[in-house]
Amino acid sequence: MKVLLRDKKTFTLDEIPFAPCYKPGLVAVNSGWRNEKPVVDEAKCNGCNLCYLYCPDGTIFKKGKSVGIDYDFCKGCGICKKICKQGAITMESEK
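Residues numbered from 1 in each chain as written. Predicted model: local features only at pLDDT ≥ 70, side-chain atom pairs only at ≥ 80, totals over all residues. Heavy atoms only, no water.

1. Quick look at the overall build of the protein
No. 1: Check the secondary structure of the protein and you find two helices and four strands.
No. 2: Reading the protein from its N end, one meets helices and strands in the order β-α-β-β-α-β.
No. 3: In the protein, buried positions account for 22% of the 95 residues.
No. 4: Of the accessible surface of the protein, which amounts to about 8100 Å², a share of 56% is contributed by carbon and sulfur atoms. (Helix = DSSP H or I, 4+ residues; strand = E, 2+ residues; numbered from the N terminus. Buried < 20%, exposed > 50% of the residue type's maximum accessible area, 1.4 Å probe, protein only. Areas by Shrake-Rupley, 256 points an atom, 1.4 Å probe, with all protein chains shown as cover.)

2. A few points about the confidence of the model for the protein
No. 1: Averaged over all residues, the pLDDT of the protein is 83; the fraction at 70 or higher stands at 75%.
No. 2: For the protein, strand E2 (residues 60-63) is the element with the lowest average pLDDT, namely 92, and strand E4 (residues 89-93) is the one with the highest, namely 96. (pLDDT = per-residue confidence, 0-100.)

3. Points about the pattern of salt bridges
No. 1: Applying the stated rule across the entire model yields three salt bridges.
No. 2: Of the charged contacts, one joins Lys63 and Glu42 as a salt bridge, the two residues approaching to 3.4 Å between their closest N and O atoms. With a gap of 21 residues between them, Lys63 in strand E2 and Glu42 in the loop between strand E1 (36-40) and helix H1 (50-54) connect regions that are remote in the sequence. (Salt bridge = Lys/Arg side-chain N within 4 Å of Asp/Glu carboxyl O.)

4. Re the nonpolar core
No. 1: By size, the foremost hydrophobic cluster in this structure holds 12 residues: Val40, Cys45, Cys51, Cys55, Ile60, Val67, Ile69, Cys74, Cys80, Cys84, Ala88 and Ile89.
No. 2: Not counting residues up to four positions away in its chain, the partners in contact with Ile69 are Pro38, Val40, Thr59, Ile60, Phe61 and Cys74. (Core = buried A, V, L, I, M, F, W, Y, C linked by side-chain atoms within 4.5 Å. Contact = heavy atoms within 4.5 Å.)

5. A closer look at the pairing of strand E3 (residues 66-69)
No. 1: Residues Ser66 and Gly68 line one face of E3 and the alternating positions Val67 and Ile69 line the opposite face, and both faces are buried.
No. 2: Relative to E3, E2 is paired through four bridges, and the arrangement is antiparallel. Counted as the bridge partner of Lys63 is Ser66 from E3.
No. 3: Two successive antiparallel strands, E2 and E3, enclose a turn made up of two residues, where Gly64 displays a positive phi of approximately 70°. (Pairing = 2+ DSSP bridges.)

6. Some words on the side chain of Arg34
No. 1: Its place among the elements puts Arg34 in the segment before E1.
No. 2: Of note is the side chain of Arg34, whose polar atom sits 2.6 Å from the backbone oxygen of Cys74.
No. 3: Setting aside anything within four residues of it in sequence, one finds Arg34 in contact with Tyr71, Cys74, Lys75, Gly76 and Glu94. (Polar contact = N/O pair within 3.5 Å; in protein donor to acceptor, adjacent residues only side chain to side chain.)

Quick look at the structure:
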């Protein structure tokens with residue numbers, strides 16, 4: 001099978017849009033179906049930010065030397081707990 005290449009198109013930097021086509025960020029607040037929520041123990045957290053990198057919803061943010069969690073958008077998947085090497089994140093039952 002022979003691969004056919006498309007015609008090379010040239011463009012200038014002025015033709016590339018500066019901003020994305022949509023507004024970034026989450027727009028729908030968690031509707032209350034989460035059973036467990038992650039809780040950060042700031043004494044154990046060393047600020048490595050692995051939980052930030054692995055969070056599928058982008059709800060983890062830097063908070064001083066530790067991290068914080070935006071519970072409005074967290075779905076409680078537990079990936080942050082599993083990836084935390086320090087054991088600083090635990091899952092607690094939603095009340």
